[in-house]
Amino acid sequence: MEQSLAKQGVVLETSRLVLREFVAQDTDDLAAVLGDPLAMQYYPAAFDRKGVEEWIGKSIGRYQRDGHGLWAMVLKDSGELIGDCGCTLQEVDGKNHVEVGYHVRRDLWGNGYATEAAWACMQYAFGRLGASKVISMIRPENMQSRRVAEKNGMTCERIIFWREYDHCVYAKSRG
Ligand SMILES: CC(C)(COP(=O)(O)OP(=O)(O)OC[C@H]1O[C@@H](n2cnc3c(N)ncnc32)[C@H](O)[C@@H]1OP(=O)(O)O)[C@@H](O)C(=O)NCCC(=O)NCCS
C-alpha cells in the first residue's frame with residue numbers, strides 16, 4: 001500500500017471502496033448509518049450521538065489492542081463515509097474468533113457495498129491475521145445480512161443464543 005494512504009489510516013481498498021481507521025470527526029457521518037431505527041432494527045436500539053461516539057471510541061481501542069477492528073467504509077469516488085466493515089475479535093462458546101461485521105447507510109442498500117467490503121475483510125483475516133476461520137454472527141431474521149454472508153461463501157453452522165438473542169453462526173474456513 002502507498003505510504004500516503006497508510007498515513008491516512010487506510011487498511012484496505014476494493015474496486016469502489018476504501019476501508020480506513022475511524023477518527024472522532026466521523027461521528028456525524030456514522031450517525032447517519034447507526035442512528036437509523038430501521039437499519040438498527042435487529043439491535044436493542046438505534047444509536048444516539050453518544051452511542052456513535054462510543055462505537056468509534058471502541059473501534060479505536062480495538063486498533064490499539066488487537067491491531068484491527070471495524071473500519072470506516074468510504075466511497076472512493078466521492079470520499080463519502082457510508083458505513084463500517086471490519087474484523088473484530090468476538091468470544092463465542094468460550095473461544096475468540098475473527099468476526100466480519102458491516103453496516104451500510106440505508107439509501108445505499110442493494111449496491112453490493114457490504115458484500116464487497118466483507119469479502120476484502122475475509123481475505124484480510126485469512127491472510128494478514130492468519131485466521132483459519134472467519135465468522136459473522138447474524139440474527140436469523142436479518143435476511144439482508146445473511147444474504148451478504150452467503151454471497152461470500154459463508155454457511156450457517158448453527159444457531160446459538162448470544163448477546164441476548166438467537167444468532168446464526170455464519171462461518172467460512174480458509175480455502
Ligand atoms: C446488511 C447490510 C449491511 C447489507 O448491505 P448492502 O450493501 O445492502 O448489501 P449488498 O448489496 O452487498 O447485499 C444485500 C443482499 O441482500 C438482499 N436482500 C435485501 N433484502 C432482502 C430480504 N428481505 N431477504 C433476502 N435478501 C435480501 C439484496 O437483494 C442483496 O442480494 P443480491 O445481491 O443477491 O440481490 C445492510 O442491509 C445494513 O446495513 N443493514 C443494517 C445493519 C445490519 O443489520 N448489519 C449486519 C449485522 S449482522
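Residues numbered from 1 in each chain as written. Predicted model: local features only at pLDDT ≥ 70, side-chain atom pairs only at ≥ 80, totals over all residues. Heavy atoms only, no water.

Asks: For this particular structure, what's the right way to read the overall build of the protein?
Replies: Helices and strands together make up the secondary structure of the protein, namely five helices and eight strands. Here the C-alpha radius of gyration of the protein, 15 Å, is about what a compact globule of 175 residues would show, namely 16 Å. Dimensions along the principal axes, computed over C-alpha positions, put the protein at roughly 40 × 35 × 30 Å. Across the 175 residues in the protein, those meeting the buried criterion constitute 51%. Considering only contacts in the protein between residues 6 or more positions apart, those separated by 24 or more positions represent 57%. Accessible surface for the protein amounts to roughly 9,100 Å². Of this, 48% is attributable to carbon and sulfur atoms. Charge separation in the protein, taken as the distance between the mean sites of 22 positive and 24 negative side-chain charges, equals 5 Å. (Helix = DSSP H or I, 4+ residues; strand = E, 2+ residues; numbered from the N terminus. Rg over C-alpha atoms; globule rule 2.2 N^0.38 Å. Buried < 20%, exposed > 50% of the residue type's maximum accessible area, 1.4 Å probe, protein only. Contact = heavy atoms within 4.5 Å. Areas by Shrake-Rupley, 256 points an atom, 1.4 Å probe, with all protein chains shown as cover. Lys, Arg positive; Asp, Glu negative; His and termini not counted. Charge placed at Lys NZ, Arg CZ, Asp CG, Glu CD.)

Asks: Help me understand the environment of Ser59, please; the structure alone is not making it clear to me.
Replies: With respect to the helices and strands, Ser59 occurs in helix 3 (residues 49–66). Relative accessible area serves as the criterion here: at 3%, Ser59 is assigned to the buried category. Once residues lying within four places of it in the same chain are set aside, the contact partners of Ser59 are Phe22 and Leu70.

Asks: Is there a simple way to explain the site of the ligand in this structure?
Replies: Close contacts around the ligand come from 21 residues, with Gly110, Gly112, Thr115, Asn142 and Lys151 the closest. Between the ligand and the protein, one listed contact pairs an oxygen atom with a backbone N or O atom of Gly112 at 2.8 Å. For the ligand, an oxygen atom lies 2.7 Å from a polar atom in the side chain of Asn142. For the shell around the ligand, the elements supplying multiple residues, two or more each, are strand 5 (95–104), helix 4 (113–127), strand 6 (133–138) and helix 5 (143–151). With six residues, helix 5 is the single largest residue contributor to the shell around the ligand. By residue class, the composition of the shell around the ligand is eleven nonpolar, eight polar and two charged. (Near = heavy atom within 4 Å. Polar contact = N/O pair within 3.5 Å; in protein donor to acceptor, adjacent residues only side chain to side chain. Nonpolar A, V, L, I, M, F, W, Y, C, P; charged D, E, K, R; others polar.)

Asks: Please explain helix 4 as it appears in this structure.
Replies: Counted at 1.5 Å a residue, the expected span for helix 4 with its 15 residues is 21 Å, and the 21 Å between its end C-alpha atoms agrees. Among the 15 residues in helix 4, twelve count as buried, and that is most of the element. What helix 4 keeps buried is the set Tyr113, Ala114, Thr115, Glu116, Ala117, Ala118, Ala120, Cys121, Met122, Tyr124, Ala125 and Phe126. (Expected span 1.5 Å × (residues − 1).)

Asks: Please clarify how the pairing of strand 3 (residues 70–75) should be interpreted in this entry.
Replies: On a regular strand, each side chain points to the face opposite its neighbour's, so the side chains alternate between the two faces of the sheet. In terms of burial, strand 3 is largely enclosed, as six of its six residues are buried. When strand 2 (residues 17–20) meets strand 3, the two strands line up antiparallel, connected through four bridges. If you follow Val18 over to strand 3, its bridge partner there is Val74. Two elements, strand 3 and strand 4 (residues 81–92), share five bridges in a ladder whose sense is antiparallel. Within strand 4, the residue paired with Met73 across the bridge is Gly83. The antiparallel hairpin formed by strand 3 and strand 4 contains five residues in its connecting segment, where Gly79 sits at a positive phi of about 80 degrees. (Pairing = 2+ DSSP bridges.)

Asks: So what exactly am I meant to see when it comes to the side chain of His68 here?
Replies: The topology assignment puts His68 in the loop between helix 3 and strand 3. At 2.8 Å, the side chain of His68 forms a polar contact with the backbone oxygen of Cys87. Apart from the residues lying within four places of it in its own chain, the contact partners of His68 are Arg62, Tyr63, Cys87, Thr88, Leu89 and Leu129.

Asks: What is the right way to read the sheet that holds strand 6 from this model?
Replies: Strand pairing in a sheet relies on backbone hydrogen bonds, with the paired strands running either antiparallel or parallel. Overall, mixed pairing links the eight strands, which are arranged 1-2-3-4-5-6-8-7 in an open sheet. For this open sheet the edge positions go to strand 1 (10–13) and strand 7 (155–162), each flanked by a neighbour on one side alone. Here the average twist between neighbouring strands, direction ignored, is 30 degrees. Where strand 1 and strand 2 come together, three bridges link them in antiparallel fashion. Looking across to strand 2, one finds that Val10 is bridged to Arg20. Across the face of the sheet, helix 2 (residues 27–34) comes into contact with strand 4 and strand 5 while running at roughly 75 degrees to strand 4. In the packing of helix 3 onto the sheet, contacts are made with strand 3, strand 4 and strand 5, and the angle to strand 4 comes to roughly 55 degrees. (Axes fitted to C-alpha atoms, helices over the stretch in contact; angles between N-to-C directions.)

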